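Each chain is listed here by its residues.
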Amino acid sequence: MFKGKYTPFRIVQTAVNLLLFLSMLGTMISAVILSREVFAFLPISGGLSLARPMHMLCSFWGFVLMSLHLGLHWNMILGMIRKASGPIQSRPLKIGLRLGSIAVAVYGLYAFIKNQFLSYLFLTSSFVFFDFERPLPLFFTEYIAIMGLFVFLAHCGAKAMQTISKKRKG
């Protein structure tokens, strides 16, 4: 961590990783405080009024930060896929895959707004509403699309940062 040059991309990666670590730590600490059964042997009393919002905040930010982390490493994942299956030669297939990723990101933005993610990320809602009437596959589809949105944004942002860095060098 203390070796090498800190490019803008590396700074963003380090910040996302540090924030992700803090959100996971916050999720674990709040889970221990909230769990009265699993950790009954620990002498913990009180703290529920802080632990509930902390757990919600850290969980939702952890979801977003994990997605951003995945997006920052998406080139590596694509490289492994290319290594296993070979490079894509077909131009229509490349265009189709890019349009598919844009479609996932757009649907993710729709689901992000529909599910009021901002209210959970900034604690303007004090509880998470789960609609039990909604089919479970739809719930998972929406959350995967929201993840796809942040993967897409991080991947595009990373490519832009790397392109700008190369232009400055060259």
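In this report, the structure presented in the accompanying data block is examined. (Residues numbered from 1 in each chain as written. Predicted model: local features only at pLDDT ≥ 70, side-chain atom pairs only at ≥ 80, totals over all residues. Heavy atoms only, no water.)

Brief notes about the environment of Trp 74
(1) Moving on: Here Trp 74 is to be found in helix α3 (residues 74-85).
(2) Moving on: Residue class for Trp 74 comes out partly exposed when judged on its relative accessible area of 27%.
(3) Moving on: Taking the C-alpha atoms as reference points, Trp 74 and Ala 158, separated by 84 residues in sequence, lie 9.3 Å from one another. (Helix = DSSP H or I, 4+ residues; strand = E, 2+ residues; numbered from the N terminus. Buried < 20%, exposed > 50% of the residue type's maximum accessible area, 1.4 Å probe, protein only.)

Observations concerning the packing of aromatic side chains
(1) Moving on: Per the stated rule, a full pass over the model turns up 13 aromatic pairs.
(2) Moving on: Both rings, one in Phe 112 and one in Phe 150, keep their centres 5.7 Å apart while their planes meet at 70°; by these two values the pair is edge-to-face. Remark: Phe 150 occurs in helix α6 (residues 136-169) and Phe 112 occurs in helix α4 (residues 91-114); sequence separation between them is 38 residues. Across the pair, exposure class does not vary: Phe 112 and Phe 150 are buried alike.
(3) Moving on: Judged by centre distance (5.1 Å) and plane angle (75°), the rings of Phe 130 and Phe 139 are edge-to-face.
(4) Moving on: Classification of Phe 130 by relative accessible area gives partly exposed; the value is 30%.
(5) Moving on: Pairwise contacts between aromatic rings join Phe 60, Phe 63, Phe 112, Phe 117, Tyr 120, Phe 130, Phe 132, Phe 139, Phe 140, Tyr 143 and Phe 150 into one cluster.
(6) Moving on: When the ring centre of Tyr 6 is taken as origin, the NZ or CZ atom of Arg 10, which lies over that ring, is 4.0 Å away. (Phe/Tyr/Trp six-rings, centres within 6.5 Å; stacked < 30°, edge-to-face > 60°. Lys NZ or Arg CZ within 6 Å of the ring centre and 35° of its normal.)

Observations regarding the nonpolar core
(1) Moving on: Counting residues in hydrophobic clusters, the biggest one holds 15 residues, and the most contacted among them are Phe 60, Phe 112, Phe 117, Leu 121, Tyr 143, Ile 146 and Phe 150.
(2) Moving on: Broken down by secondary-structure element, the contributors of at least two residues to this core are α2 (48-72), α4, α5 (117-121) and α6.
(3) Moving on: Residue contacts for Leu 121: discarding those within four places in its chain leaves Leu 57, Phe 60, Trp 61, Val 64 and Phe 112.
(4) Moving on: With 7 residues, the next largest nonpolar core counts Val 16, Leu 65, Leu 72 and Ala 154 among its residues. (Core = buried A, V, L, I, M, F, W, Y, C linked by side-chain atoms within 4.5 Å. Contact = heavy atoms within 4.5 Å.)

Side note on helix α1 (residues 8-34)
(1) Moving on: Taking 1.5 Å per residue, 27 residues should reach 39 Å; α1 reaches 38 Å between its end C-alpha atoms and fits that length.
(2) Moving on: Inspection of α1 places Phe 9, Gln 13, Val 16, Leu 20, Ser 23, Gly 26, Thr 27 and Ser 30 among the buried residues, and these make up the whole buried set.
(3) Moving on: Buried-residue contacts for α1 involve α2 and α6. (Expected span 1.5 Å × (residues − 1).)

Overview of the pattern of salt bridges
(1) Moving on: For the structure shown, the criterion picks out 2 salt bridges.
(2) Moving on: As a salt-bridge pair, Glu 142 and Lys 114 come within 2.7 Å of each other at their nearest N and O atoms. Taken as a pair, Glu 142 in helix α6 and Lys 114 in helix α4 lie far apart in primary sequence, 28 residues in all.
(3) Moving on: Judged by relative accessible area, Glu 142 falls into the buried class, the value being 1%.
(4) Moving on: A relative accessible area of 37% means that Lys 114 is categorised as partly exposed.
(5) Moving on: Of the charged contacts in the structure, one is a salt bridge between Arg 134 and Glu 142, with a shortest N-O distance of 2.3 Å.
(6) Moving on: Bridged by salt links that share partners, the residues Lys 114, Arg 134 and Glu 142 form one connected network. (Salt bridge = Lys/Arg side-chain N within 4 Å of Asp/Glu carboxyl O.)

Things to note about α2
(1) Moving on: Between the first and last C-alpha of α2 there are 35 Å, a value that for 25 residues agrees with the 36 Å anticipated at 1.5 Å per step.
(2) Moving on: Listing the buried residues of α2 in full gives Leu 48, Ala 51, Met 56, Cys 58, Phe 60, Gly 62, Phe 63, Val 64, Leu 65, Ser 67, Gly 71 and Leu 72.

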